[in-house]
Amino acid sequence: IGFDLDWNDPNTSNISEMVFVVCDNLFCGFFTIELVIRYLSYPLCSAQFFKCPVMRNWNVFDLVLVSLMVLETWFLYFLLDDTGAISSL
């Protein structure tokens, strides 16, 4: 986050915007895969992911964070154009 805030200025940065897009996609993919592996690791059924008394709160918290990250990185990328307005698909 710090690197992104310091160096992702289109007016003064020498680093290509593509570097930041690739890093965002890599992090989003990594965290999505981690959550899917954790979801599939519950032995009896996947519903235990939400019912396990020890990890329930953390699992829901991580699910919300990854969902927001997927929404921002992959879903909104195709909905918004360069100006930030909703594009006509």
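Our subject is the structure listed above.
Small disclaimer: the values here were computed from a predicted structure and weren't measured.

Caption draft 1: Quick peek at the overall build of the protein. Along the backbone of the protein there are four helices and zero strands. Overall, the protein shows an N-to-C arrangement of helices and strands of α-α-α-α. Relative to its full complement of 89 residues, the protein shows a buried share of 12%. Sequence separation of at least 24 residues holds for 37% of the intrachain contacts in the protein that already meet a minimum separation of 6.

Caption draft 2: Region of the structure containing helix H2 (residues 17-40). With 24 residues, H2 ought to run about 34 Å at 1.5 Å a step, and its terminal C-alpha atoms sit 35 Å apart, in line with that. Among the residues of H2, those classed as buried are Phe-20, Cys-28, Gly-29, Leu-35 and Arg-38.

Caption draft 3: Quick peek at the packing of aromatic side chains. Overall, the coordinates contain six aromatic pairs when judged by the stated rule. Judged by centre distance (5.3 Å) and plane angle (75 degrees), the ring pair of Tyr-39 and Phe-49 falls under edge-to-face. With Tyr-39 in helix H2 and Phe-49 in helix H3 (residues 48-51), this pair connects stretches of sequence that are 10 residues apart. Using a relative accessible area of 33% as the deciding quantity, one classes Tyr-39 as partly exposed. With centroids separated by 5.1 Å and ring planes inclined at 90 degrees, the aromatic side chains of Phe-49 and Phe-50 adopt a geometry described as edge-to-face. The class for Phe-50 is partly exposed, based on a relative accessible area of 36%.

Reading the values: rules and limits
- Numbers given for residues are sequential positions, taken from 1 along each chain in its written order.
- In view of the model being predicted, local features appear only for residues whose pLDDT reaches at least 70, and side-chain atom pairs are presented and counted only at 80 or more, with totals across whole chains, interfaces and linings using the full set of residues.
- Derived side-chain values reflect all non-hydrogen atoms in the structure, with water molecules and hydrogen atoms excluded from consideration.
- Note on conventions: DSSP H or I runs of at least 4 residues are helices, E runs of at least 2 residues are strands, and numbering of each starts at the N terminus.
- For each residue, the accessible area found with a 1.4 Å probe, counting protein chains only, is set against the maximum for its type, and the residue is called buried under 20%, exposed over 50%, and partly exposed in between.
- In this analysis, two residues are considered to be in contact whenever any of their non-hydrogen atoms come within 4.5 Å of each other.
- What a helix is expected to span follows from its residue count: subtract one and scale by 1.5 Å.
- Aromatic pairing here means that ring centres of Phe, Tyr or Trp (its six-membered ring) are within 6.5 Å. Orientation follows from the plane angle: under 30 degrees is stacked, over 60 is edge-to-face, and everything else is tilted.

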